[in-house]
Amino acid sequence: MEQKLFYLELSSEPIRFDAVSQLTNVFFDDSNRQVFAVRSGGATGCCVKGPGETDLISFCMEDKGPIRSIKFSPNNKILAIQRTDTSVDFVNFLNNQPQMNDMVVYKGKNVTIHGFVWVHEKEVAVISNGSVEMVVLNMEKKQAKCLKSISMTINWFMWYAPGNLALLATNNGSVLMPVLLKQGTITKLPKLEPQSERGLPERDVTLAQIYGTFAILILRPTETRTLSVVIYLLNGPGLSPKKSHVLCLGHSGRFAINIVDDLVVVHHQATGTSMLFDIALSGETDSSGVVHHTPMTPGRPIKPFSLKMPSLSFDGETKKCELYSPNWVIFQPNIVIDAKLGCMWYVNLNLNVLSEVMTDRLRLVELLLQRTHGKPVLMSILIELMGPQYNNASLPVIENIFDKLNVVYKGHVNAELQNQIAQPSFAKQQSVKSVVPPRVLIDQNDLHAVFATISDTAYCNKLLMTYIHSLAKHKIAAQQDLSKMIIVDLVRHKKFDTLRKLIALSLLHESKPLACFLLSLSSADDSITQMALDMLHKLKANGIIVEVLLGQGKIIDALRLAKSLPGGEATLSARKYLEAAIKGDPLVFYSVYSFFQQRNVRLRGSQDFLKNELCNEYIEHYQNTFCK
């Protein structure tokens, strides 16, 4: 049987709670991510589990009837309970226990309360069929006061806690009204009218956030009787919903949506598979500018999950969980709850498996650049493409990948530069950098590490040249370590013309250390010294050039250049130049000696050298050679 590759998996340690039964009801608060298992019968026992291992609260309270909704305030100090259509009870908590004598009751006025959401430690937005009311609690005075409200007919609502955003369905679901609910404020955003003849049921709408932008995702039928997901992004003026993307599902039936690391994951119950979509990737754009996306790979099931069951034996029994169960309830961004099984999972993405499934490497690189933990996988892809399996046919793909990497790299370099320019030096010392780095940054140091693994191959030079030209295309200066690697590779393969062109075009890192490194390789070819001198000339490193010329025995050229240095001829060491000149042509020595005699006359009115110049042996040599 073919081994399936599962790129989606459930968290290995689910949050366990008492399963739903005749005596136990289960509630989930997606704001605090708390699961409430409420057991009725005489007294109401409640066990609350949060996302952390130690986030456990257990308490009992008087049974006053069936509970419709139950949620803690953000600091777990007040418990809100809705039992009827017309009221919500608020109970003080002390040492994780309810203080039933300290209870405040909020009663709606001739309305049916759909539900409530906490917006602050003592503020609750109560949403009914006729209004949204911002209620402020004063538990000491046992008061629940309406601070602000808006009136409108509301059929249903949904809540996205991380953004304090509510979506209100009006006119039987044919109009959707986004509303920001924050402490003391209710802000209506531009409405969305998705042109639905019968109105939209709550099950066909998802409120989420994708790449930092609020999004309304609506399940809609297509002309072929399959379904698609239409995505409206709230990123225009005043957060106006704009139809931006369509996800082509190619199936009909029941669907549910999660957002996993900004990928839209669409679960299809009938086939027991999940499809991945990335709206950051390119798709087919229609005449209205809406981008249509197909799944990145054919739909695949979530990895099978076996649940450890309570047992007296050490090995314990396991139970295979039914995936895509009718009992599953999906919450944003990546939560799956099976109340009948008593489990809450997070849906996670396995990028290593996804990289095996996706055959289009360029598309895969685009996807990995947007993933939170994409860098290690992307690095392994680069090593794979540039490793033993490399062939010339893959060079265009690698070239495109380099360009994709360097677009992100260039953006990061520009952002860093702008941040340095914008911040005064004292602010840079006292504050954290304001530049937000990209999710995945593959810089020259990373590529240097990859190239190091193939430095002995025949094709390394070709890939190095491809990368350096990609850097140049994106106006990114090559760094020293990468430049050294390129120089060594070109010298080893005796490609001196290529090296000269790179230096002439300033495609390599230009620095005094690198020029000196070039000089250290000059024994390989006479032209390398001139290349180093050309680089030093660009750097205006005349002092080093003088030393190089002296080392080459070009004493007159060195002296001519040295006179132009700061301080002029007055600062020149006669001994240094005479020492170099005595080793070569006598006429050169004569010219150098004569120059310094004339220099001495100009400075001191005499041809004589000073004792501290230590030139006695050169004076003697001059007299013995030229004065007889």
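Refer to the structure printed above.
Owing to the predicted nature of the structure, the values given are computational and were not obtained by experimental measurement.

Cut-offs and rules
- Residues numbered from 1 in each chain as written.
- Predicted model: local features only at pLDDT ≥ 70, side-chain atom pairs only at ≥ 80, totals over all residues.
- Heavy atoms only, no water.
- Helix = DSSP H or I, 4+ residues; strand = E, 2+ residues; numbered from the N terminus.
- Rg over C-alpha atoms; globule rule 2.2 N^0.38 Å.
- Buried < 20%, exposed > 50% of the residue type's maximum accessible area, 1.4 Å probe, protein only.
- Contact = heavy atoms within 4.5 Å.
- Areas by Shrake-Rupley, 256 points an atom, 1.4 Å probe, with all protein chains shown as cover.
- Lys, Arg positive; Asp, Glu negative; His and termini not counted.
- Charge placed at Lys NZ, Arg CZ, Asp CG, Glu CD.
- Pairing = 2+ DSSP bridges.
- Axes fitted to C-alpha atoms, helices over the stretch in contact; angles between N-to-C directions.
- Salt bridge = Lys/Arg side-chain N within 4 Å of Asp/Glu carboxyl O.
- Arc of directions from axis to C-beta.
- Polar contact = N/O pair within 3.5 Å; in protein donor to acceptor, adjacent residues only side chain to side chain.
- Phe/Tyr/Trp six-rings, centres within 6.5 Å; stacked < 30°, edge-to-face > 60°.
- Lys NZ or Arg CZ within 6 Å of the ring centre and 35° of its normal.
- Core = buried A, V, L, I, M, F, W, Y, C linked by side-chain atoms within 4.5 Å.

Draft legend 1. Representation of the overall build of the chain in the model. Within the chain one finds 16 helices and 32 strands. Compactness check: the chain gives a C-alpha radius of gyration of 37 Å against a globular reference of 25 Å for 628 residues, more than 25% above the reference. Structurally, the chain occupies a C-alpha span of about 130 × 65 × 65 Å along its principal axes. Considering the chain as a whole, with its 628 residues, one finds that 48% of them fall into the buried category. A sequence separation of at least 24 residues applies to 50% of the contacts in the chain between residues at least 6 apart. Split by element, the accessible area of the chain, about 31,900 Å² in all, is 50% carbon and sulfur. Counting 65 positive and 57 negative side-chain charges, the chain places the centres of these two groups 4 Å from one another.

Draft legend 2. Representation of the environment of Ala574 in the model. Tracing the backbone through its elements, the reader meets Ala574 in helix 14 (residues 574–581). With relative accessibility at 2%, the residue Ala574 sits in the buried group. It is 37 Å that separates the C-alpha atoms of Ala574 and Leu499, two residues lying 75 residues apart in sequence. Once residues within four sequence positions are removed from consideration, Ala574 is found in contact with Phe596, Arg599, Phe609, Glu613 and Cys615.

Draft legend 3. The sheet that holds strand 18 (residues 185–188), seen in detail. Taken together, the four strands give an open sheet; going across it, the order is 15-16-17-18, and neighbouring strands pair in antiparallel fashion. Looking at which strands have only one partner, the edges of the open sheet turn out to be strand 15 (156–160) and strand 18. Neighbour-to-neighbour, the strand axes of the sheet open up by a mean angle of 25°, direction not taken into account.

Draft legend 4. Molecular detail of unusual backbone geometry. Residue Gln332 is joined to Pro333 through a cis peptide bond whose omega torsion reads 0°. Summarising the element assignment, Pro333 is placed in the loop between strand 30 (328–331) and strand 31 (335–338). The residue Asn172 is not glycine, and still its phi comes out positive at about 60°. Within the secondary structure layout, Asn172 lies in the loop between strand 16 (165–170) and strand 17 (175–182).

Draft legend 5. Seen up close, the side chain of Arg599. Following the sequence through the fold, Arg599 ends up in helix 15 (residues 586–604). On the basis of relative accessibility, which here comes to 2%, the residue Arg599 falls in the buried class. Excluding residues that lie within four positions of it along the chain, Arg599 makes contacts with Glu569, Ala570, Leu572, Ala574 and Glu613.

Draft legend 6. Spotlight on the sheet that holds strand 20 (residues 213–221). An order of 19-20-21-22-27-26 is seen for the six strands of this open sheet, with the pairing classed as mixed. The sheet is open, and its two edges are formed by strand 19 (205–210) and strand 26 (284–285), each paired on a single side.

Draft legend 7. Seen up close, the pattern of salt bridges. Scanning the entire structure with this criterion turns up 20 salt bridges. In this structure, Arg371 engages Asp278 in a salt bridge whose closest nitrogen and oxygen atoms are separated by 3.0 Å. One end of the pair, Arg371, is in the loop between helix 2 (361–368) and helix 3 (375–385); the other, Asp278, is in the loop between strand 25 (273–277) and strand 26, and 93 residues separate them in sequence. Overall, the relative accessible area of 2% leaves Asp278 in the buried class. Salt bridges sharing common partners tie together Asp261, Asp262, Asp278, Arg371 and Arg439.

Draft legend 8. Region of the structure containing helix 6 (residues 444–452). Taken as a whole, helix 6 has its buried residues at Gln444, Asp446, Leu447, Val450 and Phe451. For helix 6, the angular spread of buried residues about the axis comes to 155°, placing them on one side. The residue sitting at the N-terminus of helix 6 and contributing the capping side-chain oxygen is Asp443; that oxygen lies 3.1 Å from the backbone nitrogen of Asn445.

Draft legend 9. Structural context of the packing of aromatic side chains. With the rule as written, the count across this model stands at 20 aromatic pairs. Clustering of aromatic rings is evident, with ring pairs tying together Phe589, Tyr590, Tyr593, Phe609 and Tyr622. A cation over a ring is seen here: Lys484 above Phe517, with NZ or CZ 4.9 Å from the ring centre.

Draft legend 10. Quick look at the environment of His373. Its place among the elements puts His373 in the loop between helix 2 and helix 3. Among the residues examined, His373 registers a relative accessible area of 62% and is labelled exposed. Apart from the residues lying within four places of it in its own chain, the contact partners of His373 are Asp261 and Leu351.

Draft legend 11. Highlighting the nonpolar core. Grouped together as the largest cluster of nonpolar side chains are 108 residues, with contacts concentrated most on Phe451 and Tyr577. Ranked by residue count, the leading element in this core is helix 7 (residues 460–473), at seven residues. Beyond its immediate chain neighbours, meaning those up to four positions away, Tyr577 contacts Val546, Leu550, Ile555, Ala558, Leu559, Ala562, Leu572, Val592 and Phe596. Grouped together as the second largest cluster of nonpolar side chains are 21 residues, Leu165, Leu176, Leu180 and Leu200 included.

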